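# Commentary on secondary and tertiary structure
The lines below spell out each chain.
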Amino acid sequence: MKRIALLLLVAACGGKYQAPPPVASIALPDGSQLKPYAQPGKARPQGMAEAAGRVYVTLSNQRDTDTFPVNAGPGFLAAFNPSNDKVTLIDLGGTDEHQCQNPGFVRASADGYLYSPCSGNFSGTDGARAIVEVDPLANVVTRRAAIPDGRVPNGVAATANKIWTGDAFTTTVFSIDRKTFAADASAPVAVDCAKSKFSYIADVMTIRGDAYALCASDTSGELYRLDPDGGTIKSHTTVGPNPTELAGLDDGRIVVVNAGDNTLTVVTVSGATLSASKVLTFSSQTAALQDVRAFGRTVFTVASGSNTAQRIDLDAQGGPKVLAEANFGPGADPYNILPLDDTQAIVSNRGTNTIAAANWVTVK
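What counts, and where the lines are drawn
Residues numbered from 1 in each chain as written. Predicted model: local features only at pLDDT ≥ 70, side-chain atom pairs only at ≥ 80, totals over all residues. Heavy atoms only, no water. Salt bridge = Lys/Arg side-chain N within 4 Å of Asp/Glu carboxyl O. Helix = DSSP H or I, 4+ residues; strand = E, 2+ residues; numbered from the N terminus. Buried < 20%, exposed > 50% of the residue type's maximum accessible area, 1.4 Å probe, protein only. Pairing = 2+ DSSP bridges. Core = buried A, V, L, I, M, F, W, Y, C linked by side-chain atoms within 4.5 Å. Polar contact = N/O pair within 3.5 Å; in protein donor to acceptor, adjacent residues only side chain to side chain. Disulfide = S-S within 2.5 Å.

## Observations concerning the pattern of salt bridges
For the coordinates displayed, the defined rule picks out 17 salt bridges. Residue D177 is joined to K162 by a salt bridge in which the shortest nitrogen-to-oxygen separation is 3.8 Å. Taken together, the positions of D177 in strand β14 (residues 172-177) and K162 in strand β13 (residues 162-167) put the pair 15 residues apart, joining distant regions of the chain. Accessibility classification places D177 together with K162 in one group, the buried group. With its nearest N and O atoms 2.3 Å apart, the salt bridge here joins D261 to K278. Here D261 is found in the loop between β21 (254-258) and β22 (263-270), whereas its partner K278 is found in strand β23 (residues 273-281), with 17 residues between them in sequence. The class of D261 is partly exposed, set by a relative accessible area of 24%. Since its relative accessible area comes to 46%, K278 is described here as partly exposed. A single salt-bridge network, built from bridges that share partners, covers D251, R253, R297 and D315.

## Examining the sheet that holds strand β12 (residues 153-158)
With respect to topology, 4 strands assemble into an open sheet ordered β12-β13-β14-β15, the strand pairing being antiparallel. Lying at the two open borders of the sheet, with one neighbouring strand each, are β12 and β15 (189-190).

## Some words on the nonpolar core
Core analysis: the biggest nonpolar cluster contains 31 residues, and L59, F328, I337, I346, I355 and W360 have the highest contact counts within it. Of all elements in the fold, only β3 (54-59), β6 (76-80), β25 (298-303), β27 (321-327), β28 (334-339), β29 (345-349) and β30 (354-357) reach the threshold of two or more residues within this core. Residues L249, V266, V299 and V322 belong to the second largest nonpolar core, which totals 15 residues.

## Section: the environment of E97
Relative to the helices and strands, E97 is located in the loop between β7 (87-91) and β8 (107-108). Accessibility expressed as a relative area gives 19% for E97, which makes it buried. Distance in space between the C-alpha atoms of E97 and G73 is 7.4 Å, their sequence separation being 24 residues. Engagement of the side chain of E97 in a polar contact is seen with the side chain of K35, the distance being 3.3 Å.

## Brief notes about unusual backbone geometry
Of all residues except glycine, most have a negative phi; of all peptide bonds, most are trans. Of note, N139 is a non-glycine position whose phi angle comes to about 55°, a positive value. Summarising the element assignment, N139 is placed in the loop between β10 (130-135) and β11 (140-146). Of note in the backbone geometry, N353 takes a positive phi value of approximately 55° without being a glycine. In this fold, N353 is placed in the loop between β29 and β30.

## Focus on the environment of A288
Structurally, A288 can be placed in the loop between β23 and β24 (289-295). Residues A288 and T308, 20 residues apart in the sequence, show an inter-C-alpha distance of 9.8 Å.

## Topic: the state of the cysteines
A complete count under the given rule lists 2 disulfides for this structure. With its sulfur 2.0 Å from that of its partner, C100 forms a disulfide with C118. Because the sign of the S-S torsion sets the handedness, a value of about -85° for the bond joining C100 and C118 places this disulfide among the left-handed ones. Highlighted residues: C100 in the loop between β7 and β8 and C118 in strand β9 (residues 114-118), separated in sequence by 18 residues. Accessibility classification places C100 together with C118 in one group, the buried group. Across the disulfide, C193 is cross-linked to C215 (sulfur-sulfur distance 2.2 Å). Residues C193 and C215 are joined by a disulfide whose S-S torsion is about -70°; by sign, that bridge is left-handed.

Keep in mind these values describe shape, not function.
Here's what the structure looks like:
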């Protein structure tokens, strides 16, 4: 809210908002500081959100194995100011340190609270799966909602009355009542996208009051607009294959990155309908598109496979264009990007367990 007020003030004065410069790199706490159950893991940062004048990043707190990462301890949020390297940890694990494991997303609601889905282990029944609510003014967990057996929460969208999340193993979306903070008894909302091998809910997000669910598969993708209270499907449109993330623009449109064909889709909302258009194909050197964000009309993306981020002008002459790219080095595995203004941005590097500022190089 503070940023919105500041942006409005800057706009009224005819100026351009510029955030304080971020530090080049912030090292996140190592596994020994993350209350390991036994052998320490790594921070493994993922989702980022802004609240109460700070940035919050999820720490999945995992240890690598020969097959899949395992949860080495409880999930955490790390709070920091991008312009200095001080980090404050918020333990999400509860009294037994097992009430939240592997948090991957974090989002702020309109009234300032943070919500994070804890996915636990991606197999069987796991009591560590939950949605947690955090008060960023106090940096404490205020409420926890257990996830019904068999569902793995993926993505989070806070509307006025509900907290929506998707299932990482099916193409369904379900809700938590914000008043009781318990999972709704009603059946999950079923969405669909054609598949050959796999399909799942890549993310859910609140945009201009509605809930949006992004259905992803190896061959297709579909963006659904849902009623924020009951989940009734209002409309949907096809995007690219294996879409990974979405973001709202200040003009009401929505951008989606598609990892399956390395493209950017713009979705236009017109009354009760959605329409989609692929507006940009990324360089063949860009691999594994993972995240997309927007600041005004400037779009920022991150690609984990190529360890890069991109800054895109949607209004460039001749059509949307990648203006600049940042490379975070081998093994960085950037996961999320957060623009600080229309030029500066930071990323969460899952591979190197750091927050890093984008050092842009102009694309010719």
